[in-house]
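Architecture at a glance
Given next are the chains, with one letter for each unit.
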Amino acid sequence: MRPEHIWNLTRFLLTTGALFGVWLLFSPSLEPFSLGAGLIGSVLLGALTYKEFIAQHDASLGSFMPHPQWLVVFLGVLIFYLYQSSWKMLGAILTGRANPRIVHFRTRLRSDLARMVLSNSITFTPGTITLDLNDDHLTVHWFFCNTSHAKLAGETVKGRMEQHLRKVWL
Amino acid sequence: MMLVREILALLFFASAVVFGIGGVVGLFRFPDPYSRLQAGSLAGTTAVVSVFFGALLLAPNWAIAARIIVIIVFFLISAPTGAHIVARFTWNSGLDPWRPPLQKRSGPDEDTDETERPRRRR
């Protein structure tokens with residue numbers, strides 16, 4: 001077998017496995033009919049969508065398979081940031097004090113999935129929304145801007161999330 | 001034990017109400033799409049996640065708790081993506097971000113930079 005075929009098969013099997021896992025979770029019965037229907041559906045959907053789920057150029061497992069222990073840590077950090085930023089946002093809504101700016105910076109993360117998760121997480125942190133993600137270049141609307149220094153702005157907005165994400169994905 | 005869980009769940013539901021109201025107030029109070037998205041999406045996400053956490057505390061068994069966790073993860077992926085898509089279209093349409101009046105600014109007061117002019121694509 002050529003490497004591309006092995007990679008295609010790996011992607012197909014991973015997608016099917018993930019879909020079947022979700023099916024098992026949401027249909028809590030272990031009857032043969034339920035299992036068979038889930039398996040057929042997972043295989044069909046996996047065959048149709050594995051090219052979308054895992055891009056061909058992500059040719060390493062580390063770029064999309066998370067390290068589970070660090071993923072849990074990251075989710076905890078994310079929830080903490082979510083509440084912290086919501087309190088800050090409530091204060092800004094009540095007082096009307098803000099300094100909205102648009103800042104640009106770059107990220108050190110290499111895989112597509114990790115960058116997507118980073119830009120999603122930035123939308124959670126204190127008053128920031130990712131406007132654009134272009135390769136490693138992020139454009140962010142920052143509601144409580146306190147600097148016009150691009151590198152400093154990047155470090156402040158990304159916070160510790162990027163460091164945590166680097167442990168989860170490549 | 002059940003009572004403690006119920007009290008904690010009620011606290012989560014109450015905070016969901018507070019965040020939800022805050023989000024709606026922010027939505028009407030701020031003048032431009034970016035700031036409205038900030039208030040609406042962030043407070044809205046926190047409100048819904050709080051409701052899910054309350055439900056997680058009241059979950060009768062592990063199977064239902066696992067499903068709620070999966071729903072939370074899906075919601076954490078989809079909610080900021082929706083806000084990002086709206087913000088991205090606003091940005092691509094070339095809209096300047098709103099600047100609050102000087103006495104209401106929380107950061108440095110320089111206001112003469114021309115570096116933030118939006119790109120004009122169309």
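Residues numbered from 1 in each chain as written. Chains lettered and ligands numbered in written order. Predicted model: local features only at pLDDT ≥ 70, side-chain atom pairs only at ≥ 80, totals over all residues. Heavy atoms only, no water.

1. Let's talk about the confidence of the model for chain B
Residues and elements named next belong to chain B. Model confidence for chain B is summarised by a mean pLDDT of 81, while 83% of its residues fall at 70 or above. Here helix 3 (residues 62-92) stands out as the element of chain B with the lowest mean pLDDT, 87, in contrast to helix 1 (residues 2-29), whose mean of 90 is the highest. Here residues 112-117 is modelled with pLDDT under 50, and outside its nearest four sequence neighbours on either side it reaches 5 contacts, counting other chains as well. (pLDDT = per-residue confidence, 0-100. Helix = DSSP H or I, 4+ residues; strand = E, 2+ residues; numbered from the N terminus. Contact = heavy atoms within 4.5 Å.)

2. So, the pairing of strand 2 (residues 128-134) of chain A
Residues and elements named next belong to chain A. Of all 7 residues in strand 2, 5 are buried, a share of seventy percent or more. In the sheet, strand 2 pairs with strand 3 (residues 137-142) via 6 bridges, with the strands oriented antiparallel. Directly across from Asp132, in strand 3, lies its bridge partner Thr139. Taken together, strand 2 and the strand that follows it, strand 3, pair antiparallel across an intervening segment of 2 residues, in which Asp135 is found at a positive phi of about 50°. (Buried < 20%, exposed > 50% of the residue type's maximum accessible area, 1.4 Å probe, protein only. Pairing = 2+ DSSP bridges.)

3. A word on the packing of aromatic side chains
Per the stated rule, a full pass over the model turns up 8 aromatic pairs over all chains. Seen from the ring of Trp70 of chain A, Lys167 of chain A lies directly overhead, with NZ or CZ sitting 4.4 Å from the centre. (Phe/Tyr/Trp six-rings, centres within 6.5 Å; stacked < 30°, edge-to-face > 60°. Lys NZ or Arg CZ within 6 Å of the ring centre and 35° of its normal.)

4. Considerations on the interface of chain B and chain A
It is common to give the size of an interface as the accessible area that goes away when the parts come together. The partner chain A presents 42 residues to the 49 residues of chain B that form the contact. When chain B packs against chain A, the two sides together hide about 4,100 Å² of surface, and 65% of this comes from carbon and sulfur. Run the count over chain B and chain A and you get 1 salt bridge. Across the pair Arg88 of chain B and Asp132 of chain A runs a salt bridge, and its minimum N-O distance is 2.6 Å. Our enumeration of links across chain B and chain A arrives at 10 residue pairs in polar contact (both at pLDDT 80 or more). Within the residue set of the side of chain B that touches chain A, elements represented by two or more residues are helix 1, helix 2 (33-57) and helix 3 of chain B. By residue number, the principal contributor to the side of chain B that touches chain A is helix 3 of chain B, which donates 14 residues. Residues that form the side of chain B that touches chain A fall into these classes: 25 nonpolar, 13 polar and 11 charged. (Buried area = accessible area lost by both parts, 1.4 Å probe. Salt bridge = Lys/Arg side-chain N within 4 Å of Asp/Glu carboxyl O. Polar contact = N/O pair within 3.5 Å; in protein donor to acceptor, adjacent residues only side chain to side chain. Nonpolar A, V, L, I, M, F, W, Y, C, P; charged D, E, K, R; others polar.)

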